Amino acid sequence: MKKKVITLDHIYKSFDLDREKRLKRLFSNYRQVKNRQITVIKDVSFDVKQGERVGLFGPNGSGKSTILRLIAKILKPDSGNLFVEGKIAPVIELGSGLHPELTGHDNIFLYASILGMSRQRIISQLNKIISFSELNEFINMPIKKYSSGMKARLAFSVAIFSDVDILLFDEVFAVGDNSFRDKSMRALNHLGRSRTIILTSHDLGLMQQVCDRILILDRGKLLNEQNEISIEFLKNMPTSSNFIAEATSNSMYPLIKTGDSITIERLDFKSIKAGDIIAFYLLNLPEIIVHRVVDTIDINGEKTCITKGDSFFGLDAWEIQSKNFLGRVTKIGEKNIC
Amino acid sequence: MSSKSQLPLARFNNYHQLISTTLNFTKKEIKTRYAEALIGSLWVVVYPFVFSLLTVLVFSFVFRGRSEQAPYFLYVLIGFNSWFWFSQTIVYSTRSLVNNRELILNNKFPTESIIFSIAVTKIIDHIINIVLIYILLILFHQQIYFSGFLFILLISLIQFVFQVGISLIFSVINVYFRDWQNIIDILLQLTFYATPIIYTLDIVPNQIKSIIQINPMTQIVSAYRAALFQSYIPVNQILLLIALSILFFIISYFIYKRLEHKFAELI
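Parameters and conventions
- Residues numbered from 1 in each chain as written.
- Chains lettered and ligands numbered in written order.
- Predicted model: local features only at pLDDT ≥ 70, side-chain atom pairs only at ≥ 80, totals over all residues.
- Heavy atoms only, no water.
- Helix = DSSP H or I, 4+ residues; strand = E, 2+ residues; numbered from the N terminus.
- Buried < 20%, exposed > 50% of the residue type's maximum accessible area, 1.4 Å probe, protein only.
- Contact = heavy atoms within 4.5 Å.
- Pairing = 2+ DSSP bridges.
- Axes fitted to C-alpha atoms, helices over the stretch in contact; angles between N-to-C directions.
- Salt bridge = Lys/Arg side-chain N within 4 Å of Asp/Glu carboxyl O.
- 1 Å grid on protein atoms, 1.4 Å probe; cavity = no way out; pocket = protein on both sides within 12 Å on 5 of 7 lines; lining within 4 Å.
- Points joined across faces, edges and corners; volume = space filled by probe spheres on them.
- Buried area = accessible area lost by both parts, 1.4 Å probe.
- Polar contact = N/O pair within 3.5 Å; in protein donor to acceptor, adjacent residues only side chain to side chain.
- Nonpolar A, V, L, I, M, F, W, Y, C, P; charged D, E, K, R; others polar.
- Core = buried A, V, L, I, M, F, W, Y, C linked by side-chain atoms within 4.5 Å.
- Expected span 1.5 Å × (residues − 1).

Caption draft 1: A look at the overall build of chain B. When you go through chain B residue by residue, the secondary structure sums to 11 helices and zero strands. Seen in sequence order, chain B has helices and strands lined up from the N terminus as α-α-α-α-α-α-α-α-α-α-α. Looking at chain B as a whole, 50% of its 267 residues are labelled buried. Residue pairs at least 24 apart in sequence account for 80% of intrachain contacts in chain B once pairs closer than 6 positions are excluded.

Caption draft 2: How the structure looks around the sheet that holds strand 4 (residues 79–84) of chain A. All names here are of chain A. Pairing within the open sheet is antiparallel, and its three strands lie in the order 2-1-4. The open sheet is flanked by strand 2 (37–49) and strand 4, the only strands paired with a single partner. Neighbour-to-neighbour, the strand axes of this sheet turn through a mean angle of 20 degrees, independent of strand direction. Note: strand 1 (residues 4–16) against strand 4, five bridges, orientation antiparallel. Across the sheet, the residue bridging to tyrosine 12 is serine 79, located in strand 4.

Caption draft 3: Structural context of the pattern of salt bridges. Taken as a whole and assessed by the stated rule, the structure comprises 20 salt bridges over all chains. When the shortest N-O distance is used, the salt bridge between A:Arg213 and A:Glu52 registers 2.9 Å. With A:Arg213 in strand 8 (residues 213–218) and A:Glu52 in the loop between strand 2 and strand 3 (53–57), this residue pair connects regions lying 161 residues apart in the sequence. Here B:Arg95 makes a salt bridge to B:Asp185, at a shortest N to O gap of 3.6 Å. Here B:Arg95, found in helix 3 (residues 72–99), pairs with B:Asp185, found in helix 7 (residues 180–193); they are 90 residues apart in sequence, far enough to count as distant. Looking at B:Arg95, the relative accessible area reads 25%, which means it is partly exposed. Under the relative-accessibility criterion, B:Asp185 is labelled partly exposed at 37%. Three or more residues are tied together by salt bridges with common partners; here these are A:Glu265, A:Lys273, A:Asp276 and A:Arg328.

Caption draft 4: Focus on empty space enclosed by the protein. Evaluation of the coordinates by the stated rule reveals two cavities of 30 Å³ or more. Each pocket or cavity is described by its volume, and for the second largest cavity that value is around 30 Å³. Around the second largest cavity, the lining residues are A:Leu102, A:Asp106, A:Phe109, A:Leu110, B:Asn24, B:Lys27 and B:Lys28. Of all the secondary structure elements, the ones that give two or more residues to the lining of the second largest cavity are helix 3 (104–114) of chain A together with helix 1 (15–35) of chain B.

Caption draft 5: Representation of the interface of chain A and chain B in the model. Taken together, the contacts link 34 residues of chain A with 29 residues of chain B. Together, the buried faces of chain A and chain B total about 2900 Å²; carbon and sulfur atoms form 56% of this surface. There are three salt bridges connecting chain A and chain B. A salt bridge links A:Asp106 to B:Lys27; its shortest N-O distance comes to 3.9 Å. Viewed at the interface, chain B and chain A are joined by eight residue pairs in polar contact (both at pLDDT 80 or more). Only strand 1, helix 1 (22–27), strand 5 (88–92) and helix 3 of chain A provide two or more residues apiece to the side of chain A that touches chain B. Its residues assigned to classes, the side of chain A that touches chain B comprises 17 nonpolar, six polar and 11 charged.

Caption draft 6: Summary view of the environment of B:Ala70. All names here are of chain B. Inspection of the secondary structure puts alanine 70 in the loop between helix 2 (38–63) and helix 3. Spatially, the C-alpha atom of alanine 70 lies 9.7 Å from that of leucine 137, the residues being 67 residues apart in sequence. Leaving out residues up to four positions away in the same chain, alanine 70 has contacts with Gln142 and Phe229.

Caption draft 7: Local environment of the nonpolar core. Core analysis: the largest hydrophobic core is formed by 72 residues, its most contacted members being B:Phe86, B:Leu97, B:Ile155, B:Ile198 and B:Leu228. Per-element accounting of this core gives the leading share, 15 residues, to helix 3 of chain B. Non-local contacts of B:Leu97, meaning those with residues more than four positions away in its chain, are made with B:Ile104, B:Thr111, B:Ile114, B:Ile115, B:Ser171, B:Val172, B:Val175, B:Tyr256, B:Phe263 and B:Ile267. One finds A:Ile143, A:Cys211, A:Val293 and A:Trp318 within the second-largest nonpolar core, a separate group that totals 59 residues.

Caption draft 8: Main features of helix 5 (residues 112–139) of chain B. Here helix 5 of chain B contains 28 residues, and its C-alpha end-to-end distance of 41 Å stays within 8% of the 40 Å for a straight helix at 1.5 Å per residue. Within two residues after helix 5 of chain B, B:His141 carries a phi angle of roughly 60 degrees, on the positive side.

Such coordinate-based values are descriptive only and should not be taken to indicate function.
Next comes the structure, spelled out in structure tokens:
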């Protein structure tokens, strides 16, 4: 068994909202004013093994970036134990280590030194970095003239050729063109299993291609990573039997709210039509997903449902086929919807 | 999190990265400041020169400023030069951590390299001005002392260590209280008048003389003048300044490293 390189054990983290006003409060009667705190990470525990690729998924403000910064030891947890083994790359959020006035070439040296590479090491990797970034003729140009995609390519190239054991990527695929995105993902897949990768993204489909495991965060809480649902058991339930699940996100808001109980009926995939709300699963997600079918199409002669959440934070539409289908939602709480 | 990493001393061991990030940030500072426009680098010389000229105009003719040591213009110029080096380093580095918010929020590296790089870059300004002052000394037919020149290098080093110490502390304060970057403008203005730059110490009334003499910048500026105009080396004063600046630097650096882990949260 591979060893654990990252362990988060009941981690809590909160921020002081009134920080800016603190000086003002020195002059007022500050004992009466209570610190307004916001808890951004609530009791998060998980392990990552060496070489694993783990995705962190969740809406804005769910604490994804904070978890990366905690792992990188840029932030300290308020309580809980955090254990990290190996050399960690800082949170790679494209652009934060680059300076607009410098050329691409100088930025490689600047960013690589922030990532902890020695000068000799940078020089030995320089050609690889430049050729991977595909910036060949632009490399001696100040990067203020680069497009955001070009900057993303530069920072990404430096990051993957740095000699760190754990790579943390924050929304790195949000910018950049598709061809570089594909290339980067292939590079991540070929990086070798000595390196561990944690990445965040809004794009679940993309994470599915790269990650072994996806953790879902909702307002600072990790959604049941431990109690994995026995998909096999549910799939073997007979047609027209029901099962009940509890909603853990607001992706179908306002129809379904977090905490609602949802009754799902097993039935034949062929009878599903546009407008139905269906439940399905994807192998590397810990949760069942409930979405509305917006359209049904044929892909290679197989019926496929295009699904979307009623209210969602920029999720792409998903294509669901019979093998991922679990059932149709018939009741929300006590209310029938069919 | 291991308790070892919480000890401030354990944070000093990564000096390889400290050196390489400082060098790369310095390169960045120099390129962005000097490569952009030629006039940009010219201001370094223009500032102390023009201020000295204006001071001479105002004080020679209006208030009868004078100095026994040297031509009044040179007397004021070395003061302004040392003063601008000091105040520019302080002003830039105080804001530097906050200005590099994104970098500090997402990266784990010795953040003091940002401050060191600003301080190192400002040395260039100082060297240019010292060379200019020596050219003017020749033009004014002043005697030039070689021992004085070596002495100037030593005082420059003392001033450097001293102002890096201040920069470290001030940049930390600015992370905690954002008002600080405005307060230092006022503080620097006060310190300017509490330093004999445009006046000589002997015209200061006895009641406030001790306050002005306690100001380290007074000691530094007068040491420059002694070296430049008289080749007179006040050994006791210099030894005291060396001890104080090193002590101040070590304390500041210690406090800085002690509080560094909080920057990402507060910035």
